[in-house]
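# Structural features, examined
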Amino acid sequence: NITGILTSFCNFKYSILIYELNGTASIEREGAGEINAAEDLYLESGDRISVAEGSSMRLKLDDDKYLMVEEESVLSVEVAGSEEDSKTKIQLEEGAVTSEIQNPLSPDSKYEVNSPNSVMAVRGTIFRVETTVFSDEDVSTKVSVFSGKVSMGALQEDGSVGDEILIGAG
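Below is a summary of the structure that appears in this document. Quick caveat: nothing in here was measured; it's all calculated off a predicted structure.

Before going further, it helps to spend a moment on the overall build of the protein chain. Counting its regular elements, the protein chain contains one helix and 15 strands. For a compact globule of 170 residues, the expected C-alpha radius of gyration is about 15 Å, and the protein chain comes in at 16 Å, within 12% of that figure. Counting only C-alpha atoms, the protein chain reaches 55 × 35 × 30 Å along its principal axes. The 170 residues of the protein chain split such that 41% are buried. Long-range pairs, those at least 24 residues apart, make up 43% of the contacts in the protein chain with a sequence separation of at least 6. A total accessible area of about 9400 Å² is found for the protein chain, and carbon and sulfur atoms account for 47% of it. Distance from the positive charge centre (13 side chains) to the negative charge centre (32 side chains) of the protein chain: 7 Å.

Right, let's get into the packing of aromatic side chains. Tallied over the entire structure, the rule returns two aromatic pairs. For the pair Tyr19 and Tyr66, a centre-to-centre distance of 5.8 Å together with 80 degrees between the ring planes defines the contact as edge-to-face. Taken together, the positions of Tyr19 in strand 1 (residues 16-22) and Tyr66 in strand 7 (residues 65-69) put the pair 47 residues apart, joining distant regions of the chain. Their ring planes at 90 degrees and their centres at 6.5 Å tell us that Tyr111 and Phe127 sit as a pair that is edge-to-face. Separated by 16 residues along the polypeptide, Tyr111 in strand 10 (residues 110-114) and Phe127 in strand 12 (residues 126-135) bring together distant segments of the chain. A residue is classified by how much of its surface remains accessible, and Tyr111, at 1% relative accessible area, is buried. The buried category is assigned to Phe127, whose relative accessible area is 0%.

Turning to the environment of Leu67, a few remarks are in order. Inspection of the secondary structure puts Leu67 in strand 7. Overall, Leu67 belongs to the buried group, its relative accessible area being 1%. Separated by 34 residues in sequence, Leu67 and Ile101 have C-alpha atoms that sit 8.8 Å apart. Apart from the residues lying within four places of it in its own chain, the contact partners of Leu67 are Met57, Arg58, Leu59, Leu61, Leu75, Ile90, Val97, Thr98, Ser99 and Tyr111.

The rules behind each value
Residues numbered from 1 in each chain as written. Predicted model: local features only at pLDDT ≥ 70, side-chain atom pairs only at ≥ 80, totals over all residues. Heavy atoms only, no water. Helix = DSSP H or I, 4+ residues; strand = E, 2+ residues; numbered from the N terminus. Rg over C-alpha atoms; globule rule 2.2 N^0.38 Å. Buried < 20%, exposed > 50% of the residue type's maximum accessible area, 1.4 Å probe, protein only. Contact = heavy atoms within 4.5 Å. Areas by Shrake-Rupley, 256 points an atom, 1.4 Å probe, with all protein chains shown as cover. Lys, Arg positive; Asp, Glu negative; His and termini not counted. Charge placed at Lys NZ, Arg CZ, Asp CG, Glu CD. Phe/Tyr/Trp six-rings, centres within 6.5 Å; stacked < 30°, edge-to-face > 60°.

Dropping the structure here:
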C-alpha cells in the first residue's frame, strides 16, 4: 500500500540531498550521463559533482551531516552501510569542502574526506579541506579544524595511508 511505501521512503536514513544551490553545478551519474543540479535533488552514491565558478552548494547526508561545497570544486560522495556501521567517503578531486558532523559517529562508522594525496577521518567535528591541483604530480591539501579532531594521513603511492597525525581545533 502507499502508506507502507511512503513510510519506507521516509525511514531511509542514508540519503544525499542538495538542500541549497547558489549558481550552477552538474552531476555525472553512471548510466544517466550529466544532470543539472537543483535544490531538493537526491543524489546517488558515487555521483560526481562539479560546482561552477561563483557557485556553491550545500548537501545534507543522512540526517546529521552537512557538506558545504565551494566554487570550482569537483568531488564524489559515496555512502554505504547501516546506522550501526555507516561509511561516508567524500572524494575531493579539487576545490574545497567544509564538513559538519553534528552527532558522534557510532564506533563502527566512518566519515572520510579523501584528496589526491591525503585521507582525513573524523568522529564528530567541523572541518574544511581544500585541495589545489597544480599538476598531476603536484597537489596541495590544506585542512582547517574548527571543532573536534581530525585524523590525517598522507596517501602513499601504493594506495595505503601513511602515518596519521591528529589535528585539533584551531
